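# Observations on the model geometry
Each chain, letter by letter, is given below.
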Amino acid sequence: MKAKTLFDKIWDGHVVRSIKDGPDVLYIDRHYIHEVTSPQAFNGLKERGIPVYRPEKTIATADHNIPTKDQHLQIRDELSRNQVERLNENCIKYGIELFGLNHEKNGIVHVIGPELGYTLPGMTIVCGDSHTSTHGAFGTIAFGIGTSEVEMVLATQCILQPKPKKMRITVNGNLHKGVSSKDIIMYIISEISAGGATGYFVEFSGSAIRSLSMEARMTICNMSIEMGARGGLIAPDETTFNYLRLLPAIPGIKDMESAINQWKTLTTEPGAIFDRELVFDAEQIKPMITYGTNPGMGMSVDDTIPITDDKNKEASSSYLKSLDYMGFKPGEKLLGHSIDYVFIGSCTNGRIEDFRAFAQIIKGRKKAANVTALIVPGSKRVEEQMAAEGLTEIFKNADFEVRQPGCSSCLAMNEDKIPAGKYAVSTSNRNFEGRQGPGARTMLASPLTAAAAAIKGKISDPREFFTE
Amino acid sequence: MAKEKFDILRSTCVPLPLENVDTDQIIPARFLSATTREGFGENLFRDWRYSKTGELNRDFVLNNPKFSGKVLVAEKNFGSGSSREHAVWAIYDYGFRAVVSSFFADIFMANSLNNGLLPIVVKEEFLKKLLGLIQKDPSTEINIDLDKQTFTIVSTGDSVKFAINSYKKECMLKGLDDIDFLLSIKSQITAYETNKSLAK
Ligand code: SF4
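Residues numbered from 1 in each chain as written. Chains lettered and ligands numbered in written order. Predicted model: local features only at pLDDT ≥ 70, side-chain atom pairs only at ≥ 80, totals over all residues. Heavy atoms only, no water.

A separate point is the overall build of chain A. The helix and strand tally for chain A stands at 16 helices and 19 strands. Scored against the burial criterion, the 468 residues of chain A give a buried share of 66%. Once local pairs closer than 6 in sequence are excluded, the contacts in chain A between residues at least 24 apart make up 74%. For chain A, the exposed surface amounts to about 16300 Å²; the carbon and sulfur share of it is 49%. (Helix = DSSP H or I, 4+ residues; strand = E, 2+ residues; numbered from the N terminus. Buried < 20%, exposed > 50% of the residue type's maximum accessible area, 1.4 Å probe, protein only. Contact = heavy atoms within 4.5 Å. Areas by Shrake-Rupley, 256 points an atom, 1.4 Å probe, with all protein chains shown as cover.)

Okay, here's the thing in structure tokens:
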């Protein structure tokens, strides 16, 4: 038989039926929902007069539109409050488990799914949110869907999907000190561009990927969407199994070790063919930063902004428009450029390891006076753990503002907006125009690079903090 | 629920000669708090249409009375970023029925097809030519024949074939919707579930 990729194994095992010259009917094992992309789907069910088909397979949280201050009080913004209330009502009405605002398990959907044991190897997972790709770190097919598809999953536990093409990205070698998994993925996106993997599902492999923790792997899969990929996944291994073994509970799994034995078959067989293969060397990767308005516009923190977006041509008008928005010029160096805000959080870098990494540099220091710094844990659990490990205190002593969990400044639907024209170094995943507030200028980076910037008050190289 | 049917569309075009137009530009996050699908057109490209102080930005193409029509033509990687279907609702609500680019982000493409907005992928050279023609002469008309899968520039007769899978084409031509289809195969879905749990 032909050698199979991990992706094929999971996909083929979930096809209820194929439509000739059309998409496959794909069965969904786990469905996550949140307040912003679900209300219209529930309205659809109501109009059709049908129930949720398998309510136990859907998990809900409120994260995008909630405040990160005084969460125990009523939400001030009326529209936001309405959206969160609709979610509560819909979950009660249709029998869906909800980790809503103020619940002890509340948090960003892609942070709580894995930490509560709802994301397991071999699953198909969808959510009305593009960063659903995060869950691919466990060896799942996980991808973002639109609201019409949310309605399909609620109604039938299935969606219609054409099978994407397959790409394998191999990263070999050892990372330098001060370089993290965020830098790996930002480096790859800068090499292949923000649309470079459109139409593909990507498997990440290689020794550099294997050596990463689960949280670091989630950061990589999270941002696979930023190169246009439908999603990213990593074959489960001992790191995955140990992560799952250490969770307090895994809903639906009775015998962990026999489940693990099953999951061990989730690998790409030798000789399996991908539509495209790319190989990178981890030793080449330095701390990264973005200088433009899409995640593909990234470079090493000590580099200069490229003169053109395409090696042989003139700079396109889109490229110049983007630099103009950022207030940068081609050929400019960013090291030493003054900044105004630092945001640590989001489903990309809002997990406990990210805050530990951030604290490595912050401990015993103070943030620069010109910087406003916001620390937003990805979930209640992360918030508790931060406090228990003394990280919260380290941040407070350094004059950082530590907030309650949520998406916060990652998309600035709530009040956590970066003012127009201000520069923010952010550990989130998108530097689009206005993403962090109208006119805000976002520079994406790892927690270490963000920490270095917060201390120095300007773009700095985190490696400086690691030389004894 | 049934959607508006799509068969033939003859229209002028609105040019948006920019690459990587992401969903945060199409509809900024701060307008996503609604719980219905209507009314998003008002905030389509909000931060490009209006200045920070709320004045109309006369330089932006949607505010230029020379250009109108049901077809939006943009450069590569249109609709990247978030999965928000609100982006498609905004484009549709504004009055567009087709978007042309050299490639679309995957989720945007799926969302469009689920809402009666036809995403048409054309080659880069054709796209450049089309944009040039529209900018030179805003009355340039195009004709889209979904059944034949052709996109034609009326004045020059330049015609290209575009791809769409036959299932989705059927849905758009008939105004059908995926949920109706999925509900109709419910017994197969249940059978799949039974087999799966037996295999465990
Ligand atoms: S943290 Fe940002 S990217 Fe992640 S789910 Fe929330 S808004 Fe989306």
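Anyway, onward from the coordinates.
All names here are of chain A. Around the ligand, the surrounding shell consists of His64, Ile108, His110, Asp129, His131, Ser346, Cys347, Cys407, Cys410, Leu411, Asn429 and Arg435. Judged by its atoms lying within 2 Å of the grid points, the ligand is housed in the largest cavity. Here the residues of the shell around the ligand sort into five nonpolar, five polar and two charged. Among the domains, domain 1 (6–161) and domain 3 (288–466) are the pair contributing at least three residues each to the shell around the ligand. (Near = heavy atom within 4 Å. 1 Å grid on protein atoms, 1.4 Å probe; cavity = no way out; pocket = protein on both sides within 12 Å on 5 of 7 lines; lining within 4 Å. Sits in = over half its atoms within 2 Å of the grid points. Nonpolar A, V, L, I, M, F, W, Y, C, P; charged D, E, K, R; others polar. Domains from an automatic or database assignment.)

Once that is clear, we can look at the sheet that holds strand 19 (residues 441–444) of chain A. Residue and element names in this part refer to chain A. Spatial ordering of the open sheet is given by 17-16-15-18-19, a layout of five strands whose pairing is parallel. With one partner strand each, in any of the chains shown, strand 17 (401–402) and strand 19 form the two edges of the open sheet. Here strand 18 (residues 423–426) pairs with strand 19 via four bridges, running parallel. Looking at the pairing, Ser426 lines up with Leu444 of strand 19. (Pairing = 2+ DSSP bridges.)

With that settled, consider the packing of helix 13 (residues 352–362) of chain A against helix 14 (residues 380–388) of chain A. Residue and element names in this part refer to chain A. Interaxial distance between helix 13 and helix 14 falls to 9 Å at its minimum, and their mutual angle equals 35 degrees. Here helix 13 runs over helix 14; the crossing is right-handed. Along its contact with helix 13, which presents Ile352, Phe355 and Arg356, the element helix 14 presents Val382, Gln385 and Met386. (Axes fitted to C-alpha atoms, helices over the stretch in contact; angles between N-to-C directions. Left-handed = near helix turned anticlockwise from the far one by under 90°.)

Residues and elements named next belong to chain A. One can read the domain layout of chain A as domain 1 (6–161), domain 2 (165–284) and domain 3 (288–466). The C-alpha-based centres of domain 1 and domain 2 are spaced at 22 Å. Carbon and sulfur atoms supply 65% of the area buried between domain 1 and domain 2, which totals about 2400 Å² over both sides. For the pair domain 1 and domain 2, the interface holds two salt bridges. Here Asp8 ties to Lys166 by a salt bridge, and the two come within 2.7 Å at their closest N and O atoms. The interface formed by domain 1 and domain 2 contains 13 residue pairs in polar contact (both at pLDDT 80 or more). Those elements giving two or more residues to the side of domain 1 that touches domain 2 turn out to be helix 1 (6–12), helix 4 (109–115) and strand 7 (141–144). Ranked by residues supplied to the side of domain 1 that touches domain 2, first place goes to helix 1 with five residues. Residues of the side of domain 1 that touches domain 2, tallied by class, amount to 13 nonpolar, twelve polar and three charged. (Buried area = accessible area lost by both parts, 1.4 Å probe. Salt bridge = Lys/Arg side-chain N within 4 Å of Asp/Glu carboxyl O. Polar contact = N/O pair within 3.5 Å; in protein donor to acceptor, adjacent residues only side chain to side chain.)

In this section: empty space enclosed by the protein. Residues and elements named next belong to chain A. All chains considered together, the criterion is met by three cavities of 30 Å³ or more. By volume, the largest cavity is sized at about 220 Å³. Lining of the largest cavity is provided by 23 residues; of these, His64, Asp129, His131, Leu411 and Arg435 occupy positions nearest its centre. Residue assignment for the lining of the largest cavity shows that the elements contributing at least two residues are helix 4 and helix 12 (346–349). Looking at the lining of the largest cavity residue by residue, the classes come out as eight nonpolar, eleven polar and four charged. Two domains share the lining of the largest cavity, each providing at least three of its residues, namely domain 1 (6–161) and domain 3 (288–466). (Points joined across faces, edges and corners; volume = space filled by probe spheres on them.)

Before going further, it helps to spend a moment on a negative patch on the surface. A surface patch of like charges, here negative, comprises Glu47 of chain A together with Glu38, Glu42 and Asp93 of chain B. Along the chain, Glu38 of chain B falls in the loop between helix 1 (23–26) and helix 2 (46–49). (Patch = residues over 30% accessible without salt bridge, like charges linked within 9 Å, V, L, I, M, F, W, Y side chains within 5 Å. Lys, Arg positive; Asp, Glu negative; His and termini not counted. Charge placed at Lys NZ, Arg CZ, Asp CG, Glu CD.)

The subject of this paragraph is the side chain of Gln149 of chain B. Residues and elements named next belong to chain B. The topology assignment puts Gln149 in the loop between strand 5 (141–145) and strand 6 (150–153). On the basis of relative accessibility, which here comes to 16%, the residue Gln149 falls in the buried class. Only 2.9 Å separates the side chain of Gln149 from the backbone oxygen of Phe162, close enough to count as a polar contact. Discounting chain neighbours no more than four positions away, the residues touching Gln149 are Val160, Lys161, Phe162, Ala163, Ile164 and Lys169.

Residues and elements named next belong to chain B. In the sheet, strand 3 (residues 98–101) pairs with strand 4 (residues 118–121) via four bridges, with the strands oriented parallel. Its bridge partner being in strand 4, Val100 is matched across the sheet by Ile120. Considered for its hand, the β-α-β crossover made up of strand 3, helix 4 (residues 106–113) and strand 4 is right-handed. (Right-handed = clockwise from strand over helix to strand, strands pointing away.)

Moving on, we get to the nonpolar core. The biggest cluster of nonpolar side chains holds 107 residues, and the ones touching the most others in it are Phe395 and Met443 of chain A together with Phe45, Phe78, Leu118 and Ile144 of chain B. Broken down by element, the residue count for this core peaks at seven residues, all from helix 13 of chain A. Two domains each provide a minimum of three residues to this core, namely domain 1 (6–161) and domain 3 (288–466) of chain A. Leaving out residues up to four positions away in the same chain, Phe45 of chain B has contacts with Leu16, Val21, Gln25, Ile26, Phe60, Leu62, Leu72 and Phe78 of chain B. (Core = buried A, V, L, I, M, F, W, Y, C linked by side-chain atoms within 4.5 Å.)

Quick look at the packing of aromatic side chains now. All names here are of chain B. Taken as a whole and assessed by the stated rule, the structure comprises 23 aromatic pairs over all chains. Look at Phe40 and Trp89: their rings are 5.9 Å apart centre to centre, the planes differ by 35 degrees, and that puts the pair in the tilted class. Within this pair, whereas Phe40 is found in the loop between helix 1 and helix 2, its partner Trp89 is found in helix 3 (residues 86–94), the two being separated by 49 residues in sequence. By relative accessible area, which is 5% here, Trp89 ends up buried. On the basis of an interplanar angle of 85 degrees and a centroid distance of 6.2 Å, the ring pair of Phe78 and Phe104 is categorised as edge-to-face. Remark: Phe104 occurs in the loop between strand 3 and helix 4 and Phe78 occurs in the loop between strand 2 (71–74) and helix 3; sequence separation between them is 26 residues. Taken individually, Phe78 and Phe104 each receive the classification buried, so the pair is uniform in this respect. The ring of Tyr50 has Arg46 sitting right over it, with the charged end atom 4.4 Å from the ring centre. The ring of Tyr92 has Arg97 lying over it, and the distance from NZ or CZ to the ring centre is 3.6 Å. (Phe/Tyr/Trp six-rings, centres within 6.5 Å; stacked < 30°, edge-to-face > 60°. Lys NZ or Arg CZ within 6 Å of the ring centre and 35° of its normal.)

The subject of this paragraph is helix 8 (residues 214–222) of chain A. The buried fraction of helix 8 of chain A is high, at nine of nine residues. Taken together, the buried positions of helix 8 of chain A are occupied by Met214, Glu215, Ala216, Arg217, Met218, Thr219, Ile220, Cys221 and Asn222 of chain A.

Here we come to the interface of chain B and chain A. Contact with chain B, which involves 55 residues of that partner, is made by 69 residues of chain A. Taken over both partners, the interface formed by chain B and chain A buries close to 4800 Å², and the fraction arising from carbon and sulfur atoms is 57%. Counting across the chain B and chain A interface gives five salt bridges. For Arg435 of chain A, the salt bridge identified is with Asp24 of chain B, shortest N-O distance 3.1 Å. For the pair chain B and chain A, the number of links is 29 residue pairs in polar contact (both at pLDDT 80 or more). Every element with two or more residues in the side of chain B that touches chain A is listed here: helix 1, helix 2, helix 3, helix 4, helix 6 (166–174), helix 7 (178–184) and helix 8 (186–199) of chain B. For the side of chain B that touches chain A, the leading source of residues is helix 8 of chain B, giving seven residues. Among the residues forming the side of chain B that touches chain A, the class breakdown is 22 nonpolar, 17 polar and 16 charged.

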